[in-house]
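# Secondary and tertiary structure notes
The residues making up each chain are set out below.
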Amino acid sequence: MNIPSELKYTKDHEWIKIEGDIATVGITDFAQGELGDIVYVEVDTLDETLEIEEVFGTVEAVKTVSDLFLPLSGEIVEFNESLEDEPEKVNTDPYGDGWMIKLKFSDESQIDNLLSADDYKAIISG
């Protein structure tokens, strides 16, 4: 299972890549594997400012729909529109072309509460 060490993670199986004051967010390799074939990604919160752990969208797989929870408070500034036509990118490249949103975060101190790769591995190996 792929868990890149340079990323941060949440207990809700999202990964976060911090670049300046922008965080790129997607779901982990573990999460996409658990969900199965992803058929739709919906993010209707573009240009909205949300608080940490609020629902920013959903990911729909063949068998289930899962909420996506914001890992940091801030404004959603970009949605990966390629997922509208190719949601399977979340399955094939969850840490690359399968990213979901870019977020301009508002509280840098919240980053300290995100999980390291080792912490996340410990959660999923349970």
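Nothing here was measured: the structure is a model prediction, and the numbers come from that model. (Residues numbered from 1 in each chain as written. Predicted model: local features only at pLDDT ≥ 70, side-chain atom pairs only at ≥ 80, totals over all residues. Heavy atoms only, no water.)

## Things to note about the overall build of the chain
- A tally of regular secondary structure across the chain gives four helices and nine strands.
- Going from N to C terminus, the chain has its helices and strands arranged as β-β-β-α-β-β-β-β-β-α-α-β-α.
- Relative to the 2.2 N^0.38 estimate, which gives 14 Å for 126 residues, the radius of gyration of the chain is 13 Å and therefore close to what a compact globule would have.
- Taken along its principal axes, the extent of the C-alpha atoms in the chain is 35 × 35 × 20 Å.
- For the chain, the proportion of contacts with a sequence separation of at least 24, taken over those separated by at least 6, is 58%. (Helix = DSSP H or I, 4+ residues; strand = E, 2+ residues; numbered from the N terminus. Rg over C-alpha atoms; globule rule 2.2 N^0.38 Å. Contact = heavy atoms within 4.5 Å.)

## Brief notes about the packing of aromatic side chains
- Under the criterion given, the structure shown has two aromatic pairs.
- Pairing Y9 with Y120 gives two aromatic rings, centres 5.0 Å apart and planes at 10°, and the pair type is stacked. Of this pair, Y9 sits in strand β1 (residues 8–9) while Y120 sits in helix α4 (residues 117–125), and the two are 111 residues apart along the sequence. Per residue, the accessibility class of Y9 equals that of Y120, and both read buried. (Phe/Tyr/Trp six-rings, centres within 6.5 Å; stacked < 30°, edge-to-face > 60°. Buried < 20%, exposed > 50% of the residue type's maximum accessible area, 1.4 Å probe, protein only.)

## Points about the UniProt feature "domain: Lipoyl-binding" (unreviewed entry) in the chain
- UniProt marks residues 22–104 with the feature "domain: Lipoyl-binding" (unreviewed entry), using the numbering shown here.
- With 18% helix and 42% strand, residues 22–104 has its two end C-alpha atoms placed 5 Å apart. (UniProt positions renumbered as here; feature names shortened; annotations may be inferred.)

## Observations concerning α4
- When α4 is considered as a whole, its buried residues turn out to be A117, Y120 and I124. Buried residues of α4, viewed axially, fall in a sector of 60°; they line one side. Turned more than 90 degrees away from the buried face of α4, the exposed residues are D118 and S125.
- In this fold, the buried residues of α4 make contact with β1 and α1 (29–35). (Arc of directions from axis to C-beta.)

## Overview of the side chain of D29
- Tracing the backbone through its elements, the reader meets D29 in helix α1.
- One buried charged residue, D29, remains without a salt bridge, the closest side chain of opposite sign being K121 at 11 Å.
- Reaching out from D29, the side chain makes a polar contact with the backbone nitrogen of N2 at a distance of 3.2 Å.
- Side-chain polar atoms of D29 contact the side chain of Q32, separated by 2.8 Å.
- In this structure, D29 is in contact with M1, N2, P94 and Y95, ignoring residues within four places of it in sequence. (Lys, Arg positive; Asp, Glu negative; His and termini not counted. Salt bridge = Lys/Arg side-chain N within 4 Å of Asp/Glu carboxyl O. Polar contact = N/O pair within 3.5 Å; in protein donor to acceptor, adjacent residues only side chain to side chain.)

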